[in-house]
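Residue strings, one per chain:
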Amino acid sequence: MRKGVLEYCILSILSKNDAYATDIINELKESKLIVVEGTLYPLLTRQKNSGLLSYRWEESTQGPPRKYYALTDKGREFLKELHKSWNELIEAVNSINNRSSEKNKS
Amino acid sequence: MKKTIKINLSGIVFNLDEDAYQELKNYLDSISSRFRDMEEGNEIISDIESRIAEIFQTKVNEKKQVITIKDVNDVIAIMGRPEDFYDAETMEAEPSAGREEYSRKRQRKLYRDPDNAILGGVAAGLAAYFGIEPWIIRLLLVILTFPIQVIPIIYIILWIVVPKAETAAQKLEMRGEKVTVSNIEKTIKEEYEGVKENVKRVKQSKEYKKTRNVLDEIFHVLGQIILVFFKIILFIIGIAFIIAGITAIMGLTSVFFFRHALFPIDFWPPVHLYPLGEMFSFLSDPGAITLFSFTLFMAIAIPVIALIYGGIKLIFKFKANDKAIGLTGLVLWLLSVIFLVTMLVYEGSNYATTGQKSEGEFLTPFDSDTLSLYMHNDPDIKGFRKEWYDEDEDAWHVISDESKIYGKIDLDIELSDDEQFEVVVKKMSQGRTRISAMVNTENTSYRYTQNGATLILDPYFSLSKAIKWRSPATEVVLKVPEGKYVHLDKNTKYFLDDVEGIPYSKVHQTAGKTLQVKNGEITISD
């Protein structure tokens, strides 16, 4: 469950801008989705290997060269699917919540 | 003052305090053992390393150029330990497996402990290795020195080859995880558990038809099982090497330098040992023999010590300059072998040529046609046994007492051109040159006595022990004139070497019989 959410968030972050690992980490940390950074690297590598992401090297003024990740077409497709199912899920959850609260009222 | 270690992380150089380095290394090891089995493992590891490099860069500046242990701990807190990572497959946190692996990395290594040292710190180091008090090891060493006298030698070997724990990290390693006998058992059990785990994983992956290749898993598990067996076997081989090596050294030392066996137990059959030097003193100078035994000892002991060292290395893990040690050993060994060969060639040249000297003497005439010949029944030689007359098939043998060495003679019967009985004593010896070989023949002495019509031969020629043995031999030839008889006593049987005209296979049968010389031929008369 959480893995799916994390992957969804990674794709979502990348759909706005290309980013390198630390950017993604910072966003995820802000929204308290991850605690330790080590978690991210296996996920990124897996997504890249399944063709959702591509990366390019960019020199950095401070530190080692950075791996900038970008969504591939396949990744964009997949993100759309995820959006759809995420919304469906939310609707489903909401409708259950609403129904049960209506029941409670009556 | 603190020692720093320079490392290269994702192409960027950092200076780390030694403790920081150790901590980082352990951390990265734990990461790599967490991911290395995965297909994309290497990529993940290098991504993580490059992130760590990035964090380190924010930690150094003009004033602070060295990464401290605190920085490393910060990084670990940010990145998280492998056990805090979510499993990429199941997203379940793995609570303990990773940490166990992490701590197991800190295996103990054998060092010499300079802080608690009395001599070289070997005992203190061993104590730290086994997690016991140094005095126990010291007491054991001292007590065991009585039955196993080579313990001081082993101590010195360890002193030379085991490194001293100088840095903080080495001292930590020295006191790392316990490696006692019960822990070895535990480790093996743990590894066995690990194998069992893997077997389970194979089953699960079959049941759930995970994408992971089942064959791969099976090979992985087989590999683990083989690894465990291999480790046990290595351990056993190590112990065997040490025991065999120590036994060999003790045996060698006994034979080479002491009059008695060094072993606390008696051997069967009981061996009466002489030091080599004493045993071969009749061959060469005592000095040369001592030198020879020492070199021979080196030539045999160096490979044996290498065996012990190998055994120790199989059981204890420690860093040592194997190359230098091996090279020194090899050079010493080659030197002793070359020296040995040179000495052997030199000694051997003492036997290069043969010299022979014959002395003939006519017997005093006596009133009989028959000469009676027998060997002296009771020669004045310590260690002489009469049974040798009845059973000694040996072509030659040597006996010795305090002052002399005795060698068996050969007896020949020949035709004489003369009219009288004649005894010819042929003395032979080896020597470096013709002349020295001739001179050496003078060193042996031989006696016979004539008593009317009887001739009594000494069965042995003798040689003073002060004179070097140059393979001497003595042949006694009795020349019998035409028309005379000679009666050979039974006790001449094993001395008879040649009777003219009698086939060699029948020579021994002439003992106890009378020979007749008639028409220029020797025949057995009834």
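Residues numbered from 1 in each chain as written. Chains lettered and ligands numbered in written order. Predicted model: local features only at pLDDT ≥ 70, side-chain atom pairs only at ≥ 80, totals over all residues. Heavy atoms only, no water.

**Quick look at the overall build of chain B**
Point 1. The helix and strand inventory of chain B stands at 15 helices and 18 strands.
Point 2. Summarising the internal contacts of chain B: among those between residues at least 6 apart in sequence, 68% fall at separations of at least 24.
Point 3. As displayed, chain B has an accessible area near 30000 Å², and 59% of this comes from carbon and sulfur atoms. (Helix = DSSP H or I, 4+ residues; strand = E, 2+ residues; numbered from the N terminus. Contact = heavy atoms within 4.5 Å. Areas by Shrake-Rupley, 256 points an atom, 1.4 Å probe, with all protein chains shown as cover.)

**Structural notes on the overall build of chain A**
Point 1. Scanning chain A from terminus to terminus reveals four helices and three strands.
Point 2. The buried share of chain A, taken over its 106 residues, is 42%.
Point 3. The long-range fraction of contacts in chain A, counting pairs at least 24 apart against all pairs at least 6 apart in sequence, stands at 48%.
Point 4. Summing over all exposed atoms, chain A offers an accessible surface of approximately 6400 Å²; the carbon and sulfur share of this is 51%. (Buried < 20%, exposed > 50% of the residue type's maximum accessible area, 1.4 Å probe, protein only.)

**A few points about the nonpolar core**
Point 1. If you look at the biggest cluster of nonpolar residues, it comprises 49 residues, and the most contacted ones within it are A:Ile24, A:Leu28, B:Phe14, B:Ile48, B:Ile52 and B:Phe56.
Point 2. Every residue in contact with A:Leu28, bar those within four places of it in the chain, is listed here: A:Leu6, A:Cys9, A:Ile10, A:Ile13, A:Leu33, A:Ile34 and A:Leu40. (Core = buried A, V, L, I, M, F, W, Y, C linked by side-chain atoms within 4.5 Å.)

**Side note on the interface of chain A and chain B**
Point 1. Every contact between the two is made by 25 residues of chain A and, on the other side, 23 residues of chain B.
Point 2. Interface area for chain A against chain B, summed over the two sides, is near 2100 Å², with a carbon-plus-sulfur share of 57%.
Point 3. In this assembly, chain A and chain B are joined by five salt bridges.
Point 4. Among the ionic pairs, A:Lys67 bridges to B:Glu43, the shortest N-O distance being 3.2 Å.
Point 5. Where chain A touches chain B, the interface holds 10 residue pairs in polar contact (both at pLDDT 80 or more).
Point 6. Counting residues per element, the ones that place at least two in the side of chain A that touches chain B are α1 (2-16), α2 (21-30), α3 (40-49) and β3 (66-71) of chain A. (Buried area = accessible area lost by both parts, 1.4 Å probe. Salt bridge = Lys/Arg side-chain N within 4 Å of Asp/Glu carboxyl O. Polar contact = N/O pair within 3.5 Å; in protein donor to acceptor, adjacent residues only side chain to side chain.)

**Here's the deal with helix α1 (residues 18-35) of chain B**
Point 1. Taking 1.5 Å per residue as the helical rise, α1(B) with its 18 residues ought to reach 26 Å, and the 26 Å between its terminal C-alpha atoms agrees with that figure.
Point 2. Here α1(B) lies mainly inside the structure; 13 of its 18 residues are buried. (Expected span 1.5 Å × (residues − 1).)

**Observations regarding the pattern of salt bridges**
Point 1. Evaluated as defined, the whole model comprises 19 salt bridges over all chains.
Point 2. In this structure, A:Lys16 engages A:Glu27 in a salt bridge whose closest nitrogen and oxygen atoms are separated by 3.8 Å. Taken as a pair, A:Lys16 in helix α1 and A:Glu27 in helix α2 lie far apart in primary sequence, 11 residues in all.
Point 3. A salt bridge links B:Asp369 to B:Lys484; the nearest nitrogen and oxygen atoms lie 3.6 Å apart. Note that B:Asp369 is positioned in the loop between β4 (353-362) and β5 (370-375) and B:Lys484 in the loop between β14 (473-480) and β15 (485-488), a separation of 115 residues in sequence.
Point 4. Overall, the relative accessible area of 43% leaves B:Asp369 in the partly exposed class.
Point 5. For B:Lys484, a relative accessible area of 21% translates into the label partly exposed.
Point 6. By sharing partners, the salt bridges in this structure join A:Lys29, A:Glu37, A:Arg66, B:Arg51 and B:Glu54 into a single network.

**A short note on the packing of aromatic side chains**
Point 1. Taken as a whole, this structure holds eight aromatic pairs over all chains when the rule is applied.
Point 2. Taken together, a centroid distance of 6.0 Å and an interplanar angle of 55° make the contact between A:Tyr55 and A:Tyr69 tilted. A residue pair is termed long-range when its members are at least 10 positions apart, and A:Tyr55 in strand β2 (residues 53-58) and A:Tyr69 in strand β3 qualify at 14 residues.
Point 3. Given the relative accessible area of 2%, A:Tyr69 is considered buried.
Point 4. Where B:Tyr155 meets B:Trp159, the ring centres are 5.9 Å apart and the plane angle is 80°; that geometry is what we call edge-to-face. (Phe/Tyr/Trp six-rings, centres within 6.5 Å; stacked < 30°, edge-to-face > 60°.)

**Here we look at helix α7 (residues 151-161) of chain B**
Point 1. Buried residues of α7(B): B:Ile151, B:Ile154, B:Tyr155, B:Ile157, B:Leu158 and B:Val161, and no others. The buried residues of α7(B) occupy an angular sector of 160° when projected down its axis, which confines them to one face. (Arc of directions from axis to C-beta.)

**Details of the confidence of the model for chain B**
Residue and element names in this part refer to chain B.
Point 1. Residues of chain B with pLDDT of at least 70 account for 78%, and the chain-wide mean is 78.
Point 2. Every residue in residues 88-105 scores below 50 in pLDDT, and together they form 32 contacts with partners more than four places removed in sequence or on other chains.
Point 3. Here residues 262-273 is modelled with pLDDT under 50, and outside its nearest four sequence neighbours on either side it reaches 14 contacts, counting other chains as well.
Point 4. For this predicted complex, the interface confidence reaches an ipTM of 0.80, while the overall pTM sits at 0.44. (pLDDT = per-residue confidence, 0-100.)

**Some points on the packing of α3(A) against helix α2 (residues 41-59) of chain B**
Point 1. Orientation of α3(A) relative to α2(B), taken along the N-to-C sense of each, is 130°, at an axis distance of 9 Å. On the basis of their axis angle, the class for α3(A) and α2(B) is oblique. Considering how the two elements wind past one another, α3(A) and α2(B) form a crossing that is right-handed. Residues A:Tyr41, A:Pro42, A:Thr45, A:Lys48 and A:Asn49 of α3(A) pack against B:Glu43, B:Ile44, B:Asp47, B:Ile48 and B:Arg51 of α2(B). (Axes fitted to C-alpha atoms, helices over the stretch in contact; angles between N-to-C directions. Parallel < 35°, antiparallel > 145°, perpendicular 65-115°, else oblique. Left-handed = near helix turned anticlockwise from the far one by under 90°.)

**Here we look at the pairing of β15(B)**
Residue and element names in this part refer to chain B.
Point 1. Because side chains alternate across β15, one face comprises the buried residues Val486 and Leu488, and the other comprises Tyr485 and His487, none of which is buried.
Point 2. Bridge analysis of β5 against β15 gives four bridges, and the strand direction is parallel. Within β15, the position partnered with threonine 370 by the bridge is tyrosine 485.
Point 3. Relative to strand β17 (residues 514-518), β15 runs antiparallel, the two being bridged by three bridges. In the sheet register, tyrosine 485 faces β17, and the bridge partner there is glutamine 516. (Pairing = 2+ DSSP bridges.)

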